[in-house]
Amino acid sequence: MNTTGLKQRLLGQFGTIAAILHQGLAFVVLVAVVLLLIRGKPVFPGENPGGFSAIGAIRFDGVVSSLERTEGVDNQKYQALVNYLSRRYRIAPDVTEQFVGAAYDAGEQVGLDPLLILAVMAVESRFNPIAESVMGAKGLMQVIPKHHQDKLLEHGGEGALLDPLINIPVGARILKEYIRRTGSLEAGLQFYNGALADPTSRYAQKVFAEKERIQKALGPFDRSVGRNAI
């Protein structure tokens with residue numbers, strides 16, 4: 001047998017196999033990179049294509065909150081707020097974060113302090129999104145449907161009130177409207193509670209006290225000015 005010819009044929013076959021394997025590996029790598037790019041996942045460790053931080057961009061079923069990403073002191077204040085409310089009212093941190101984000105969004109939309117909105121939620125429902133009173137008030141902000149049909153029609157009716165993302169902004173709109181109609185924050189809160197004739201303003205004082213507790217819990221991160229600030 002011609003050993004030299006056999007060796008040459010074996011080397012040739014080995015080279016062919018190596019070339020095929022090399023091309024196949026390159027193809028696999030190419031497909032993997034394309035899939036990563038299509039899915040929008042980071043291609044390199046530490047890369048963040050979306051640019052979102054863990055705190056400050058709240059997501060609700062894939063929708064980004066209008067609350068912008070915060071930095072430094074604001075970011076620490078936001079996290080302190082979530083932690084405080086989660087502990088005080090025994091609700092999960094991720095749920096608390098959603099409520100806080102919705103309160104910030106609603107406050108920005110209607111021009112109210114988000115801490116005031118959170119204080120109203122605390123007094124009205126203790127952050128129970130399915131709370132319902134004997135008077136028919138529903139949800140976190142305890143909105144009475146029969147008095148606010150005009151605001152609920154755009155959301156599909158009364159049933160939408162158990163959705164926190166609807167209940168919070170609707171309640172904030174009602175409160176802002178009452179503040180404008182009565183001319184003061186205290187009277188607006190009393191009107192919201194249906195106790196405008198109460199000379200002691202008991203309900204408003206409860207809300208103010210809760211807002212103060214929240215502000216104190218935030219400590220050095222809080223930039224609020226005065227408990228009666230709208």
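Attention here is on the structure that accompanies the text.

Further remarks concern the overall build of the protein chain. Helices and strands together make up the secondary structure of the protein chain, namely 8 helices and 2 strands. In sequence order, the protein chain lays out its α and β elements as α-β-β-α-α-α-α-α-α-α. For the protein chain, the residues scored as buried account for 40% of the 230 residues in total. The long-range fraction of contacts in the protein chain, counting pairs at least 24 apart against all pairs at least 6 apart in sequence, stands at 49%.

Where helix H3 (residues 93-110) contacts helix H4 (residues 114-125), the two axes come as close as 8 Å, and the packing angle between them is 125 degrees. Classified by the angle their axes make, H3 and H4 are oblique. The chirality of how H3 crosses H4 is right-handed. In this structure, H3 uses Phe99, Val100, Ala103, Tyr104, Ala106 and Gly107 to contact H4, whose residues at the interface are Pro114, Ile117, Leu118 and Met121. Looking at the contact of H3 with H4, its residues break down into 9 nonpolar, 1 polar and no charged.

Right, let's get into the environment of Arg202. The residue Arg202 is located in helix H8 (residues 202-218) in this model. Sequence-wise, Arg202 and Leu189 are 13 residues apart; in three dimensions their C-alpha atoms are separated by 9.9 Å.

Another aspect to go through is the pattern of salt bridges. Oppositely charged side chains may form a pair once their charged atoms are brought near each other. By the definition in use, this model includes 4 salt bridges. Here Arg88 makes a salt bridge to Glu210, at a shortest N to O gap of 3.4 Å. Taken together, the residues span a long stretch of sequence, with Arg88 in helix H2 (residues 72-89) and Glu210 in helix H8 at a distance of 122 residues. Residue classification places Glu210 among the buried residues on the basis of a relative accessible area of 2%. Taking the shortest distance from any N to any O, the salt bridge between Glu177 and Arg181 comes out at 3.5 Å. One end of the pair is Glu177 and the other is Arg181, both in helix H6 (residues 164-182) and 4 residues apart, which spans about a single turn. Judged by relative accessible area, Glu177 falls into the partly exposed class, the value being 23%. What emerges from the salt-bridge pattern is a single network uniting Arg88, Glu210 and Arg213.

The rules behind these values
Residues numbered from 1 in each chain as written. Predicted model: local features only at pLDDT ≥ 70, side-chain atom pairs only at ≥ 80, totals over all residues. Heavy atoms only, no water. Helix = DSSP H or I, 4+ residues; strand = E, 2+ residues; numbered from the N terminus. Buried < 20%, exposed > 50% of the residue type's maximum accessible area, 1.4 Å probe, protein only. Contact = heavy atoms within 4.5 Å. Axes fitted to C-alpha atoms, helices over the stretch in contact; angles between N-to-C directions. Parallel < 35°, antiparallel > 145°, perpendicular 65-115°, else oblique. Left-handed = near helix turned anticlockwise from the far one by under 90°. Nonpolar A, V, L, I, M, F, W, Y, C, P; charged D, E, K, R; others polar. Salt bridge = Lys/Arg side-chain N within 4 Å of Asp/Glu carboxyl O.

Just geometry here; none of it tells us what the structure is for.
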